Structure formats: C-alpha cells, structure tokens
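Single-letter residue listing:
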Amino acid sequence: PDRGVRVARRSDQDDVDVSFAAFTQPPLDRLIADAATAQRLTLMLGAGASIEAGLPSWPALIERLLVRAGTERGLLHETDEAGRTRWVAEAVRRDGYLGAAAIVDALTDESALDAWIPEALYGVGRTAADFFPGPICRKLPRLVDAFSPAFELMTTNYDDLPEQAMRDDPLNPREAVAYVGEHREVPRDAVQVVHLHGYAGRDGAAGRLVLTESDYQRMQQTVSWQETRVRAALGQGMFVFVGTSLVDPNLVRYLYGDAGATTPPRYAIFVRQDTYEEGVPAGVPAAREEAVRARWSTVGVTAVFVDHYVDVAQLLYEMARAKQLGDAYVPLPDRARDWVETVQSQIFGIGDDDAFVRGQQVFGAQLR
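Calculation notes
- Residues numbered from 1 in each chain as written.
- Predicted model: local features only at pLDDT ≥ 70, side-chain atom pairs only at ≥ 80, totals over all residues.
- Heavy atoms only, no water.
- Pairing = 2+ DSSP bridges.
- Helix = DSSP H or I, 4+ residues; strand = E, 2+ residues; numbered from the N terminus.
- Axes fitted to C-alpha atoms, helices over the stretch in contact; angles between N-to-C directions.
- Phe/Tyr/Trp six-rings, centres within 6.5 Å; stacked < 30°, edge-to-face > 60°.
- Buried < 20%, exposed > 50% of the residue type's maximum accessible area, 1.4 Å probe, protein only.
- Lys NZ or Arg CZ within 6 Å of the ring centre and 35° of its normal.
- Core = buried A, V, L, I, M, F, W, Y, C linked by side-chain atoms within 4.5 Å.
- Contact = heavy atoms within 4.5 Å.
- pLDDT = per-residue confidence, 0-100.
- Patch = residues over 30% accessible without salt bridge, like charges linked within 9 Å, V, L, I, M, F, W, Y side chains within 5 Å.
- Areas by Shrake-Rupley, 256 points an atom, 1.4 Å probe, with all protein chains shown as cover.
- Salt bridge = Lys/Arg side-chain N within 4 Å of Asp/Glu carboxyl O.
- Parallel < 35°, antiparallel > 145°, perpendicular 65-115°, else oblique.
- Nonpolar A, V, L, I, M, F, W, Y, C, P; charged D, E, K, R; others polar.
- Expected span 1.5 Å × (residues − 1).
- Bend = angle between axes of the 7 residues up to and from the residue.
- Left-handed = near helix turned anticlockwise from the far one by under 90°.

## Notes on the sheet that holds strand E7 (residues 238–242)
With respect to topology, seven strands assemble into an open sheet ordered E3-E4-E2-E1-E7-E8-E9, the strand pairing being parallel. At either end of the open sheet lies a strand with only one pairing partner, and these are strand E3 (176–179) and strand E9 (301–306). On average, adjacent strands in this sheet sit at an angle of 25 degrees to one another, irrespective of strand direction. Sheet topology places E7 next to strand E8 (residues 266–271); four bridges connect them, and they run parallel.

So, in structure tokens, the structure goes:
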C-alpha cells in the first residue's frame, strides 16, 4: 500500500483532495517531475531519518554529551536536575550547539568521547540493533530500484538504519555496506551508504566520528574525501536533502562554494511537525517558511515543506514511482481517490444492500 488513507464519514472525496493536494502543487509536483527525468539522484539523509526511529536529534545528542562531560569532571551533581538543565541552557545560549560540542571536546579525552558518542546516541546498555528503520528509510529501497546504479545515498548520521532498511526490505532485500572514506569490499549488487561524519552501526565503529568544532575545522583545512564526494554529486545530478535542517557547517560550505550553479536541480525537504509550539501567531510559520525558501534559493536549493515525517516517506515513494513509470505515472490524489471509491463500492458496498452483504461476508472471512 502507498499509505493509509483516512475514509471520511462524509463519504465525499473532499478529504482525499485536501490530504494529498500538496503532492500535485508546487514545489512538490516539480520535485516529483524532476525525479522522473533525472539521470542521476543523490539523497542526503539527515537526523530526521533517525529521529523517526527513536534516536536523538543532533542538538539532543550534544546535550546528552554535555551533561555527561560536566558530571564526569565533577562540575555537576547527578541529582541536581536544575543545575544540569541550566548548564546545558547556558552553554547553548552562549556558544550554540557547535560551541557546546567544543566544550564537550575540551572536557573529554578523545578515546573516551569515541566511546561516549554511541552510548549517547543509542542509550546506555543499548546498541544499533535495538532500533529499526522508520518510514523514510523503508522507502530507500524503492529509490534504489528506480535509479540504480545512478543512485547515491549519503548521510551525516552515525547509525546504520539505511543499511538495515535495505536488508529488511520485503520486496527486494539486498546487501548494503557503509563507506567512511577508506576502501571497503563492496559485494556485487550491494548498496553503498556514504557516512560523511563516521559510522557507529551494529557491526562496529568505522572512521573518525565528526561531532565537535575541531572536527569541522580540521575538515575545512584541507580538501577532505567528504568534500570531494559531495561536490562531485552536486554537479553530476539531482540532489535532495532529507531530514536535515541544513545547519551542518560543511554542507553549507559545499553549497555556497557552488552557489552560482542552477542545474542540476537541488531540493531540501523540511518537516513542519513539532516545529512550532501552540499559541504561535498564525502568520509566523508562513513567514518563517518564506524566509527559509529565500535563504536556500540563493544557493540554488528549492525548499519543500511537508507536514509530517511520513509525508517525506510518501514523497520519496512518489519520486521512485514517477521515475519507474514515466508518462504512465498517476499522481497520488488520483490514486487515492480511485482507492477510496473501490473500497466504498466493493468492500463497504455503499449504496447497494446486496453488495454490502456480499462485501461484509468476504471482508469478515478475510479478517478471520
């Protein structure tokens, strides 16, 4: 199934039209159309693809490490919740999250920090094997089916959820390997997942984990393999950012370094979910989104907003479907409308008593 569709009590098509209308309106429709004709696609996965699986965001990860560093150095007491909260708030307010990460780095030796990061990411006593791919990652195999071998998957996340999504795919399971800068044996037909900031998956850590201010500065002093890889992808084909706020200093630098380019198309998918608290004036979200669009348009990136993470997953599916079907692609609202009509007539038997009885008998037998 493409996605669960809510059947309204009104039994009209209005709800279907409203629920999926955005998929046929700009800029979502342009994103889908560009994917259909793209010769090559690079997807950059950010923290949003991990958050939906229960892992922390980058700010939350920094906060966890900041508390641990302060506690280990005796600057905080484990029972002083108010003090821990104030410690984090002041560090973030004064230095931002990248500066807060620098504080963690300054208070911790490198070997200890490498051990702390997976614990802060997965939780004490838990590992990557305790987490499962969410809707976004579960749609990645469809993009591989549609674009392979002209599909490249990059991520700034440490986890191996994309790899696991490939292995667990019910339609076409395949092997996936993590790439962290050094040569690794890639089995035939395997999908390579490029981990730009290091890797801490279920088969062990690989590559230096990029987290702190010094890590980012070191990467900017020379031309790193990450920069070479991302810059090449930006120039070779369609590039889509997913689940990222685009605050990563390196990604921003790569984009501004190629700010004059207008092709191939570039998109960034942002999620409104949990972005605004209740009581925010009505005009603020719209104004904020317009500002984000304006900012990223200066570097050739079209900002796309959806309401929920599951909408991101559906959008990825639509991109893959449009690429595979070409002119035969039918937009989501039309497919949903046909689906609802089929359910109403053949399963619910609406408007025909005999059809209703037959439908309920068949439906009941299937459920049993």
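## Structural notes on the packing of aromatic side chains
What the rule picks out here adds up to five aromatic pairs. Ring centres of Tyr-122 and Phe-131 lie 5.8 Å apart, and the angle between their planes is 40 degrees; this geometry places the pair in the tilted category. Like Tyr-122, the residue Phe-131 is buried in the burial classification. The lysine or arginine in question, Arg-229, covers the ring of Tyr-179, its NZ or CZ lying 4.9 Å from the ring centre.

## What about the nonpolar core?
Among the nonpolar cores identified, the biggest contains 73 residues, and Leu-43, Leu-45, Leu-65, Ile-136, Leu-143, Val-240 and Val-242 are the most heavily contacted of them. A total of eight residues in this core trace back to one element, the largest contributor, which is helix H14 (residues 309–325). Filtering out sequence-adjacent residues up to four positions away, Leu-43 remains in contact with Leu-140, Leu-143, Phe-151, Glu-152, Leu-153, Met-154, Val-240, Val-242 and Leu-316. Core analysis: the second largest hydrophobic core is formed by 26 residues, Tyr-179, Tyr-216, Val-230 and Val-252 among them.

## Quick notes on the confidence of the model for the protein
Per-residue pLDDT for the protein has a mean of 87; in total, 91% of the residues score no lower than 70. Note that residues 1–12 has pLDDT below 50 and, in this model, 21 contacts with residues that lie over four places away or in other chains.

## Concerning a nonpolar patch on the surface
There is a patch of nonpolar side chains on the surface, built from Phe-348, Ile-350, Phe-363 and Leu-367 and spanning about 390 Å² of accessible area. Mapped onto the elements of the fold, Phe-363 is located in helix H16 (residues 353–367). Look at Phe-363 and you get partly exposed, because its relative accessible area is 35%.

## A look at the packing of helix H4 (residues 58–72) against helix H5 (residues 81–107)
Contact geometry for H4 and H5: axes closest at 9 Å, N-to-C directions at 90 degrees. As the angle between them shows, H4 and H5 are arranged roughly perpendicular. Side by side, H4 and H5 meet where Trp-58, Pro-59, Ile-62, Glu-63, Leu-65, Leu-66, Val-67, Ala-69, Gly-70 and Thr-71 of the first sit next to Arg-84, Trp-87, Val-88, Ala-91, Tyr-97, Leu-98, Ala-100, Ala-101, Ile-103, Val-104 and Leu-107 of the second. The class makeup of the residues in the contact of H4 with H5 is 17 nonpolar, two polar and two charged.

## So, H5
Every α-helix carries 3.6 residues per turn, so stepping three or four residues along brings you back to the same face. Between its first and last C-alpha, H5 extends only 20 Å over 27 residues, short of the 39 Å set by a 1.5 Å rise per residue. The axis of H5 is deflected most strongly, by about 115 degrees, at Asp-95. Looking at H5, one finds that the buried residues are Arg-84, Val-88, Ala-91, Val-92, Gly-99, Ala-100, Ala-101, Val-104 and Leu-107. Residues of H5 that are buried make contact with H4 and helix H6 (110–122).

## What to know about the packing of H4 against H6
Close contact between H4 and H6 brings their axes to 9 Å; oriented N to C, the two are set at 130 degrees. Judged on the interaxial angle alone, H6 and H4 are oblique. When you trace H4 past H6, the crossing you get is right-handed. Contacts between H4 and H6 involve Leu-61, Arg-64, Leu-65, Arg-68, Ala-69 and Glu-72 from the former and Leu-113, Trp-116, Ile-117, Glu-119, Ala-120 and Leu-121 from the latter. The residue inventory of the contact of H4 with H6, partitioned by class, reads eight nonpolar, no polar and four charged.

## Quick look at the environment of Gln-360
If you trace the backbone, Gln-360 turns up in helix H16. Gln-360 sits 305 residues away from Leu-55 along the chain, and the two C-alpha atoms are 42 Å apart. Dropping the residues within four chain positions of it, Gln-360 is found in contact with Ile-347 and Phe-348.

## Looking at the pairing of E7
The element E7 is largely enclosed, with a buried count of five among its five residues. The two faces of E7 match: Met-238, Val-240 and Val-242 on one face and Phe-239 and Phe-241 on the other face are all buried. Relative to E7, strand E1 (residues 41–45) runs parallel, the two being bridged by five bridges. Each bridged residue has a counterpart across the sheet, and for Thr-42 the counterpart in E7 is Phe-239.

## Topic: the side chain of Glu-227
With respect to the helices, strands and loops of the structure, Glu-227 is situated in helix H11 (residues 225–236). Here Glu-227 is in contact with Thr-222, Arg-253 and Tyr-254, once residues within four sequence places are set aside.

## A closer look at the side chain of Thr-42
Among the structural elements, Thr-42 can be located in strand E1. Contact partners of Thr-42, with chain neighbours within four places excluded, come to Glu-152, Met-154, Ala-233, Met-238, Phe-239 and Val-240.

## Quick look at the pattern of salt bridges
Evaluation of the coordinates by the stated rule reveals 21 salt bridges. Residue Arg-84 is joined to Glu-81 by a salt bridge in which the shortest nitrogen-to-oxygen separation is 4.0 Å. In this pair, Arg-84 and Glu-81 both sit in helix H5, three residues apart, roughly one turn of the helix. Glu-81 gets classed as exposed once you look at its relative accessible area, which sits at 51%. The partner of Arg-86 in a salt bridge is Glu-90, with the nearest N and O atoms 3.3 Å apart. Separated by four residues within a single helix, Arg-86 and Glu-90 lie in helix H5, roughly one turn from each other. When salt bridges with common partners are traced through the structure, they connect Arg-272, Glu-289, Glu-290, Arg-293 and Asp-307 into a single cluster.

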